[in-house]
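Each chain is listed here by its residues.
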There are 4 protein chains.
Amino acid sequence: MHFFSDNAASVHPSVWAAMQAADSPDFAYDADALSRSLDEAFSALFGAPCTALWVATGTAANCLALSAMVPPHGAVVCHHEAHIEMDEGGAPGLFLHGAKLLLAEGEGGLLTPETILRRIAPIRPGVHQVQPHAISITQASEQGRVYRPQEVAAIGALARARGLGLHMDGARLANAIAHLDCTPAAVTVEAGVDALSFGFIKNGGLSAEAMVFFDPALAERVRFARKQSGHLQSKGRYLAAQILALLEHDQWRANARAANAAAQELAGACAGRLIEPVEANELFVILSEPEKTALRGAGFDFYDWPAPQGAPGAARLVTAWNSDPVHVAALARAIANL
Amino acid sequence: MHFFSDNAASVHPSVWAAMQAADSPDFAYDADALSRSLDEAFSALFGAPCTALWVATGTAANCLALSAMVPPHGAVVCHHEAHIEMDEGGAPGLFLHGAKLLLAEGEGGLLTPETILRRIAPIRPGVHQVQPHAISITQASEQGRVYRPQEVAAIGALARARGLGLHMDGARLANAIAHLDCTPAAVTVEAGVDALSFGFIKNGGLSAEAMVFFDPALAERVRFARKQSGHLQSKGRYLAAQILALLEHDQWRANARAANAAAQELAGACAGRLIEPVEANELFVILSEPEKTALRGAGFDFYDWPAPQGAPGAARLVTAWNSDPVHVAALARAIANL
Amino acid sequence: MHFFSDNAASVHPSVWAAMQAADSPDFAYDADALSRSLDEAFSALFGAPCTALWVATGTAANCLALSAMVPPHGAVVCHHEAHIEMDEGGAPGLFLHGAKLLLAEGEGGLLTPETILRRIAPIRPGVHQVQPHAISITQASEQGRVYRPQEVAAIGALARARGLGLHMDGARLANAIAHLDCTPAAVTVEAGVDALSFGFIKNGGLSAEAMVFFDPALAERVRFARKQSGHLQSKGRYLAAQILALLEHDQWRANARAANAAAQELAGACAGRLIEPVEANELFVILSEPEKTALRGAGFDFYDWPAPQGAPGAARLVTAWNSDPVHVAALARAIANL
Amino acid sequence: MHFFSDNAASVHPSVWAAMQAADSPDFAYDADALSRSLDEAFSALFGAPCTALWVATGTAANCLALSAMVPPHGAVVCHHEAHIEMDEGGAPGLFLHGAKLLLAEGEGGLLTPETILRRIAPIRPGVHQVQPHAISITQASEQGRVYRPQEVAAIGALARARGLGLHMDGARLANAIAHLDCTPAAVTVEAGVDALSFGFIKNGGLSAEAMVFFDPALAERVRFARKQSGHLQSKGRYLAAQILALLEHDQWRANARAANAAAQELAGACAGRLIEPVEANELFVILSEPEKTALRGAGFDFYDWPAPQGAPGAARLVTAWNSDPVHVAALARAIANL
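Reading guide: rules and limits
Residues numbered from 1 in each chain as written. Chains lettered and ligands numbered in written order. Predicted model: local features only at pLDDT ≥ 70, side-chain atom pairs only at ≥ 80, totals over all residues. Heavy atoms only, no water. UniProt positions renumbered as here; feature names shortened; annotations may be inferred. Contact = heavy atoms within 4.5 Å. Buried area = accessible area lost by both parts, 1.4 Å probe. Salt bridge = Lys/Arg side-chain N within 4 Å of Asp/Glu carboxyl O. Polar contact = N/O pair within 3.5 Å; in protein donor to acceptor, adjacent residues only side chain to side chain. Axes fitted to C-alpha atoms, helices over the stretch in contact; angles between N-to-C directions. Helix = DSSP H or I, 4+ residues; strand = E, 2+ residues; numbered from the N terminus. Parallel < 35°, antiparallel > 145°, perpendicular 65-115°, else oblique. Nonpolar A, V, L, I, M, F, W, Y, C, P; charged D, E, K, R; others polar. Domains from an automatic or database assignment. Buried < 20%, exposed > 50% of the residue type's maximum accessible area, 1.4 Å probe, protein only. Pairing = 2+ DSSP bridges. Least-squares fit on C-alpha atoms with pLDDT ≥ 70 in both. Expected span 1.5 Å × (residues − 1). Arc of directions from axis to C-beta.

The name given to chain A in an unreviewed UniProt entry is Low specificity L-threonine aldolase, with the source organism recorded as Novosphingobium pituita. Note on chain A: under the UniProt heading Sequence similarities (unreviewed entry), the record states "Belongs to the threonine aldolase family."

What follows is the structure in structure tokens.
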């Protein structure tokens, strides 16, 4: 019973169907009809004109989007637990040609205007210290926390005031929106986000994420960077098909709701053990080593997690769009009975 | 009737089946059972121990493999028509951190020891001129030509003598081997190739190429570079599945033979029009503008090609693993009747 | 008797004097009074507002200037014999973050609109082939040839029409202007040059070249790139002092005239041996191996050079601002007597 | 009366003399006699075979040396106040092709094995998190503190145990050695340092630092990187001359002693105001705004510095090899009388 991560979950049936429906020949790269329809599909979703480009990994989506905002001598402000800092093998350094990440703090993996300013205010202007050019926030955060629209808007206002781009790593954006029960626009374009990595892989897709740009000039530069980084697949129609399948009938939202609901069911069993409020589909739970051993012995798989000060141990539990209700209920029961 | 390219052809049924068989959960990235079996599968295919890593595009495969051989201050010798020079959007510059391509000549897109030496012999040793660190050859070439084993071996001997790595861009390696009717080893590891991009996408795959390293140290460095360039997909098992499906029962060879046979059928109709001997699945054909118009009017799609000196025009015709025999016969007839 | 190169010649007395006059403390980097006066000095020289930044090598000057014009996925058109291609150890690859050089032809190391177009016209627009973003020309060329103002202007017009930046590698610009007997503006800003490397090191300086930008936005980006590449020296006043000393009383022109005159004196003795017309301070001379041996035996030092088709051998002779008239006369005599 | 920094101080007379003595022609780049003698001079100084290369800035020295130790996907551990992190405009990102800095803590700008381990121990092995490849320490530190030989040796032992390179940023190494009154080897090669930036510019030089490599393979790679980064000056003999002049008769040590002595004289007047013990030539002093105003009104120039918690303000005072004893005494008196 897998609670490791959502990043290797199975593929949603509608995605398989759409991919196979794309099997007849069409033009290569992103000149096919499906890829060419992405702009319209995302513009409808966000209620705002935008450009959308597929790419096969969240790392590529994040770093390509940032590469349009940040020169090689510049920097991105992000949380010290951000995926681009912790889990992308130094990809920002490659895609941004040596630019830096400036690490800021924030409870629950969430930045605030205050924590951002605390990091960038001491930077002397001029050429000696690396200057910030963009802010990157993660929605939902690496701790499974969700920015409210007004929280994003406050960061968006700071970004505009400072002339910084605002990027959102939305590997689990669907889960965040499902939690907020808001429009996609409310936490993105309406809140000042310039470029977005919209994740589908963790939410029923196979190998397609969308980069969404609310400024077409950013997209134009990224088209070249996507090719130069080897991310322009020749059979792009199969990537577009995945995304379109999950957009259709708001399947992305249904999938995210399912994952979130499973997480809430587990959260109910974890009273007193939760390190973070459960807002998306990740739980960070205090578990002692014997408790972890017991759960694993009962067939539940999950990752260890650094324990907070004073706690005997911790683990991360992740649900997915297709978490088996039987498994979820069993795990909830097992934890409650510890 | 599509004769544009093989790079957007449909996916082979065995590949679909294998991908769907991989749909049950497994570990993420390349820790799944399928990805972990690639080394063994390719070692068996080549009769030599090797390390194999999947990646989603030929550009990534070529440039990642080369990045393990060439420092940022170095260079790769390649044909002036090579894909890495002409069609990869400057990807070598990114993946090799600023290293150069040194362009050599050769009939039919094929390098020889002589043309390589003509390019590198004038380079003064030392730091002022960029020094070669690797040779990259393309099998089959961009002109649809095929290196014989002894031709690769001659280049391999030069590479060893000069301390250069030897990389093979095998986007259409299957077609070349099918043409040669030899073992995979004969034109690769036995001929001195150190690293190989083995193409599957043009031959029935969806989104998976293999990088094959006959030196494990090269592979080890590429693991990090693959991650840093955003090419380590989390659902890697679906990529491994594609490759394994085409390796099974030598499906790759059968597919390549089908494409080659279709090309030969067209070649028979193009007597006197061929710019290059047809050895793989690409034809370069002299066609005047009115002839091209006539063919297109009859429903045949293909790309224009630069005409050789004195010719009234030219076109490239590409067959694929699934070229419809009816279409092929129709095109052959139409050309014969021009 | 040194005719190797002008690149290691002694330092002009006015440069020594100016450096020592700068020995009293001032602000660091380029905040000192001398560095801050460069814009004004060059604006007066060119009769046009410009921004001037010192740097310690021609390689840094060329590549930093180009880095402001060319994105990492772009390219620079240059002559296949250009210094940036042949002699800078791959520096463009580093400073331009992987961008390419597109090599064009041209008699005497000189590009023309026709040769540039021949190189770039076949490039398909879009992301697959690397697109040009700038042209770099060398004045005087690597073959010691000089562009006339209208020749630069023709290239400038092409650059503007195509939206390309125009850079001039002026390592020996002083010699070219001395030869043309024109204003500095006539072959640069008035002819469409956007950014310029103005060489002083080969013309009496010690370690200072000027980058001159006729567009302040280019300079602004280069300030950051100069720092990031480790080229912002803390005692910058000693570099500014060198440049100002050579600008004062047009010392740069007097020095270049001296070098050119010495070259002309040698040219007179080389009738029938010259591979290129002598327009600046370099001579490319047909000399057989026995003739070279004889000259070297008589105490003259110079580099071998690739011989043109059919010639028994060749050499390069370079004069400098301080070439000893006695040595020059002796070499002229020795060649005449061969 | 300048107490801003030592980085723009005047040039020592012996340096001027040596540069002018180098004015006769010699081979270009580093093929001249002076540059070729550096290995021997430093091998004698350190009592160990080493390779020494000049370069014009400390930033270039640090980053070039590190570039030989760290691949583009790797990282350097350094103090969060290190010059490479705070003051080099992102140069490590360029020279190391996107590699990261991992920031560790330590009192007085000094790392310890414990603080290094605290930073790197949590890094998971494998490709997802960036792996450390080198440690860089600063001697004397940015807070003017000095590592004892056994402290460097402890870090050297950790580096060896972990397979990491050890680099020392020795912009003020002379001041540190003068303070320790030890041999140059004791705090470097004997303590496990692999590569060293030995600063001369702040200690009487004009534009030359030395990179010293105790492993010739590192130096070999750096030769290429120095050229590619535009740092191989053609008149290199003038840089070598500066270094040799300061090595001769241990002038570097005499100069550093003079700067340190001036700092000690000021330290005596700053009892109760010192934020850090004064070990080299920098003082960090608690001064209220009115006190700073008073001192500046009396003609003393210096930089503000971030005040420690609870302090009314702070300033940095830096002495140099040529700090005027009259000025130093005056400042000491002025502070004592505040």
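Another aspect to go through is the interface of chain C and chain A. Contacts between the two partners involve 15 residues from chain C and, on the opposite side, 15 residues from chain A. Summed over both partners, the interface of chain C with chain A buries about 1500 Å², with 71% contributed by carbon and sulfur atoms. Summed over the three residues of chain C that lose the most area to chain A, namely H73, V127 and F224 of chain C, the buried surface amounts to 41% of that side. Our count for the contact surface shared by chain C and chain A stands at zero salt bridges. In this structure, the connection of chain C to chain A is made through four residue pairs in polar contact (both at pLDDT 80 or more).

Attention now goes to the packing of helix 9 (residues 173-180) of chain B against helix 12 (residues 251-269) of chain B. Residues and elements named next belong to chain B. Two elements in contact, helix 9 and helix 12, have axes whose closest approach is 8 Å; the angle formed by their N-to-C orientations is 80 degrees. The angle between the axes of helix 9 and helix 12 places the two elements in the roughly perpendicular class. Residues A174, N175, I177, A178 and H179 of helix 9 lie in contact with helix 12, whose contacting residues are W252, R253, A256, R257, A259 and N260. The residue makeup of the contact of helix 9 with helix 12, split by class, is six nonpolar, three polar and two charged.

Residue and element names in this part refer to chain A. Split by domain assignment, chain A resolves into domain 1 (13-250) and domain 2 (252-336). On the domain 2 side, the residues contacting the 30 residues of domain 1 number 17 residues. Of the roughly 2000 Å² buried at the junction of domain 1 and domain 2 (both faces included), carbon and sulfur atoms supply 48%. At the boundary of domain 1 with domain 2, the tally comes to six salt bridges. Here D181 makes a salt bridge to R257, at a shortest N to O gap of 3.4 Å. Taken together, the links from domain 1 to domain 2 amount to 17 residue pairs in polar contact (both at pLDDT 80 or more). Counting only elements with at least two residues in the side of domain 1 that touches domain 2, the list comes to helix 9 (173-180) and helix 11 (237-247). Considering only residue class, the side of domain 1 that touches domain 2 consists of 13 nonpolar, nine polar and eight charged.

Take the pairing of strand 2 (residues 74-79) of chain B next. Where a strand is regular, its side chains alternate between the two sheet faces. Residue and element names in this part refer to chain B. The buried fraction of strand 2 is high, at six of six residues. Where strand 2 meets strand 4 (residues 131-138), four bridges bridge the pair, whose relative direction is parallel. Pairing of G74 across the sheet is with Q131, part of strand 4.

Expressed as a screw operation, the relation of chain B to chain A combines 0.0 Å of axial shift with a rotation of 180 degrees, fitting to an RMSD of 0.0 Å. Taken together, these values place the two copies in the relation of a two-fold axis. Judged by C-alpha distance, S229 of chain B is the residue of chain B that lies nearest the rotation axis, at 3.5 Å. Of the interface residues in chain B, 100% have counterparts in chain A that sit at the interface too, so the contact is made through matching surfaces.

With that out of the way, let us pick up the relation of the copies chain C and chain A. Of the transformation placing chain C onto chain A, the axial shift is 0.0 Å and the rotation is 180 degrees, giving an RMSD of 0.0 Å. An overlap of 100% is found between the interface residues of chain C and their copies at the interface of chain A, pointing to a shared contact surface.

Attention now moves to the UniProt feature "domain: Aromatic amino acid beta-eliminating lyase/threonine aldolase" (unreviewed entry) in chain A. On the UniProt side, "domain: Aromatic amino acid beta-eliminating lyase/threonine aldolase" (unreviewed entry) is annotated at positions that read residues 3-287 of chain A here. Taken end to end, residues 3-287 of chain A is 40% helix and 15% strand, and its two terminal C-alpha atoms sit 15 Å from one another.

Take the interface of chain B and chain A next. Contact residues are listed per partner, giving 44 residues for chain B and 44 residues for chain A. Taking both partners together, chain B and chain A bury about 3700 Å²; carbon and sulfur atoms supply 57% of that area. Taken together, the connections running from chain B to chain A amount to 27 residue pairs in polar contact (both at pLDDT 80 or more). Secondary structure elements with two or more residues in the side of chain B that touches chain A: helix 1 (13-21), helix 4 (58-67), helix 6 (91-95), helix 10 (216-228) and helix 11 (237-247) of chain B.

It is worth spelling out the packing of helix 7 (residues 113-120) of chain A against helix 8 (residues 149-162) of chain A at this point. Residue and element names in this part refer to chain A. Contact geometry for helix 7 and helix 8: axes closest at 9 Å, N-to-C directions at 35 degrees. Across the interface between the two elements, P113, I116, L117 and I120 of helix 7 pack against A154, I155, L158 and R162 of helix 8. Along the lines of polarity and charge, the residues of the contact of helix 7 with helix 8 split into seven nonpolar, no polar and one charged.

A few words now on helix 8 (residues 149-162) of chain B. Residues and elements named next belong to chain B. Along its 14 residues, helix 8 runs 20 Å from first to last C-alpha, staying within 8% of the 20 Å computed at 1.5 Å per residue. Taken together, the buried positions of helix 8 are V152, I155, G156, L158 and A159. Viewed along the axis of helix 8, the buried residues span an arc of 160 degrees, placing them on a single side of the element. Seen from the open side of helix 8, the exposed residues pointing more than 90 degrees away from its buried face are Q150, R160 and A161.

Right, let's get into the pattern of salt bridges. Here the structure, examined in full by the defined rule, presents 72 salt bridges over all chains. When the shortest N-O distance is used, the salt bridge between R124 of chain D and D87 of chain A registers 3.3 Å. Residue R124 of chain D is located in the loop between helix 7 (113-120) and strand 4 (131-138), and its partner D87 of chain A is located in the loop between helix 5 (83-86) and helix 6 (91-95); the two belong to separate chains. Here R296 of chain C ties to D304 of chain C by a salt bridge, and the two come within 3.1 Å at their closest N and O atoms.

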